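# Overview (structure and organization)
So the chains spell out like this:
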Amino acid sequence: MLSVIIPCYNSGKHIRRAIDSVLNQTYLNYEIILVDNNSSDNTIDILDEYNRKHPGTVKVFNEPKQGSPCARNKGLFEAKGEWIQFLDADDELLPEKFASQIAVVNNSIIDVVVAPSCRYKILNSGKIKKIPRLIETEDFWKGLLTSKLGITSANLWRKKALLSIGGWNENLNSSQEYDLLFRLLKNNAAIGYCSLIQTIVHITPGSISFSQNENRIVEIIYNSIKLRMDIKEYLDSKGMLTKELVRYADMYNYSTLIMIKHKPLLPLYFRKGKIPMYVKKTIKENHFDIPFVFKIKLYVRRILNIAQKKFFSLQ
């Protein structure tokens, strides 16, 4: 059996799409756990509606502790299934998602199925830009360091493995899924791969990845960089840290810092305030091992991003 856990916070506009994408699965042995997380809109009315229409399949719970990790843990501890599918309330799954990934775990000792996803971004013109997010299948430590080991809703998780590490870290407010993956790998979790894109992540004008609060932005960057530093330290303690992995971690951290420093969507005063100061200080302190060619490619990428955003803003 498979348990689908959907944390819901003021999700009235999108939650039907997420739930319906589960009800449309070709694999039918599942339950849906909807966790309301202090919503103040009509979310709970919609959840109760699905509960009435699908008794026994759809279950509704409440989690008063704020935050997706808390809501996911609530669902995890209530789940009856051997496998866990986490799904954000504004995203959706394609009909073969469960079937294709259950096929990977059949007759195998696997704790996490890692899979790619696709972001649907609504442009100012109203058109949808599709951005695939691929995975690293050769070296899962490299995938972990470079954020290419899937995302929360693209992956499939064994409940027993999640419970063995205590579930989600409720004290983290960013980098949560890769912290979870890191703790699983330290606990010798077995990784399986599914090459099919079966998860759609919707990026709307209202769902900006980074907050418009510069302290919050710095916190997000710090959590991301610290996690990779912790991974490097762990690998070094186990004699597993290669020069290649060091370079991949450094390139990921460096590109994160450079791209956010020059992010066109950030207000101008952000780009002249705390963020560039933090970026400069962090780069100086860490002595990242960055190939010159990579710096050039990053510069070109940044210029192209700026040009692209200006082009679409004119449409």
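Residues numbered from 1 in each chain as written. Predicted model: local features only at pLDDT ≥ 70, side-chain atom pairs only at ≥ 80, totals over all residues. Heavy atoms only, no water.

### Examining the overall build of the chain
- Helix and strand counts for the chain come out as 12 helices and 11 strands.
- Of all intrachain contacts in the chain linking residues separated by at least 6 positions in sequence, the fraction that spans at least 24 positions is 78%.
- When the accessible surface of the chain is split by element, carbon and sulfur atoms take 53% of a total near 15,800 Å². (Helix = DSSP H or I, 4+ residues; strand = E, 2+ residues; numbered from the N terminus. Contact = heavy atoms within 4.5 Å. Areas by Shrake-Rupley, 256 points an atom, 1.4 Å probe, with all protein chains shown as cover.)

### Things to note about the pattern of salt bridges
- Overall, the coordinates contain 15 salt bridges when judged by the stated rule.
- Between Glu49 and Arg16 there is a salt bridge, and its shortest N-O distance comes to 2.9 Å. With Glu49 in helix H2 (residues 43–53) and Arg16 in helix H1 (residues 15–23), this pair connects stretches of sequence that are 33 residues apart.
- Accessibility expressed as a relative area gives 34% for Arg16, which makes it partly exposed.
- When the shortest N-O distance is used, the salt bridge between Asp289 and Arg247 registers 2.9 Å. Of this pair, Asp289 sits in the loop between helix H11 (274–286) and helix H12 (292–314) while Arg247 is found in helix H9 (residues 243–261), placing the two residues 42 residues apart along the sequence.
- With relative accessibility at 31%, the residue Arg247 sits in the partly exposed group.
- A single network of salt bridges, built from pairs that share partners, joins Arg16, Glu49 and Lys53. (Salt bridge = Lys/Arg side-chain N within 4 Å of Asp/Glu carboxyl O. Buried < 20%, exposed > 50% of the residue type's maximum accessible area, 1.4 Å probe, protein only.)

### Let's talk about the sheet that holds strand S10 (residues 191–193)
- Taken in spatial order, the seven strands of this open sheet run S3-S2-S1-S4-S9-S6-S10, and their pairing is mixed. For this open sheet the edge positions go to strand S3 (58–62) and S10, each flanked by a neighbour on one side alone. Here the strands of the sheet are splayed against their neighbours by 25° on average, with no regard to which way each runs.
- Where strand S1 (residues 2–8) lies against strand S4 (residues 83–86), four bridges are found, and the strand directions are parallel. Pairing of Leu2 across the sheet is with Trp83, part of S4. (Pairing = 2+ DSSP bridges. Axes fitted to C-alpha atoms, helices over the stretch in contact; angles between N-to-C directions.)

### With respect to unusual backbone geometry
- Although it is not a glycine, Asn38 adopts a positive phi angle of roughly 70°.
- Inspection of the secondary structure assignment puts Asn38 in the loop between strand S2 (30–36) and H2.
- The class of Asn38 is partly exposed, set by a relative accessible area of 32%.
- Although it is not a glycine, Ser175 adopts a positive phi angle of roughly 55°.
- Note on placement: Ser175 falls in the loop between helix H6 (159–164) and helix H7 (176–186).

### Concerning the sheet that holds strand S7 (residues 117–122)
- A sheet is described by the order of its strands in space; here four strands give the open sequence S5-S11-S7-S8, paired in mixed fashion. Unpaired on one side and paired on the other, strand S5 (92–93) and strand S8 (128–133) mark the two borders of the sheet.
- Where S5 meets strand S11 (residues 199–203), two bridges bridge the pair, whose relative direction is antiparallel. Note on S11: the bridge partner recorded for Leu93 is Thr199.

### Remarks on helix H8 (residues 214–237)
- If you check H8, its first and last C-alpha atoms are 34 Å apart, about what 24 residues at 1.5 Å a residue would give, namely 34 Å.
- Phi for Gly239, located one or two positions after H8, is positive at around 70°. (Expected span 1.5 Å × (residues − 1).)

### Considerations on the nonpolar core
- Ranked by internal contacts, the top residues of the largest apolar core, which has 34 residues, are Ile84, Trp141, Leu144, Trp157, Leu162, Leu184 and Ile231.
- Looking at which element gives the most residues to this core, the answer is H7, with six residues.
- Discounting chain neighbours no more than four positions away, the residues touching Trp157 are Glu82, Trp83, Ile84, Phe86, Asp111, Val112, Ile151, Thr152, Leu162, Leu180, Leu181 and Leu184.
- Counting 27 residues, the second largest nonpolar core, distinct from the first, contains Leu2, Leu47, Leu87 and Val105. (Core = buried A, V, L, I, M, F, W, Y, C linked by side-chain atoms within 4.5 Å.)

Worth remembering: the numbers are spatial, not functional.
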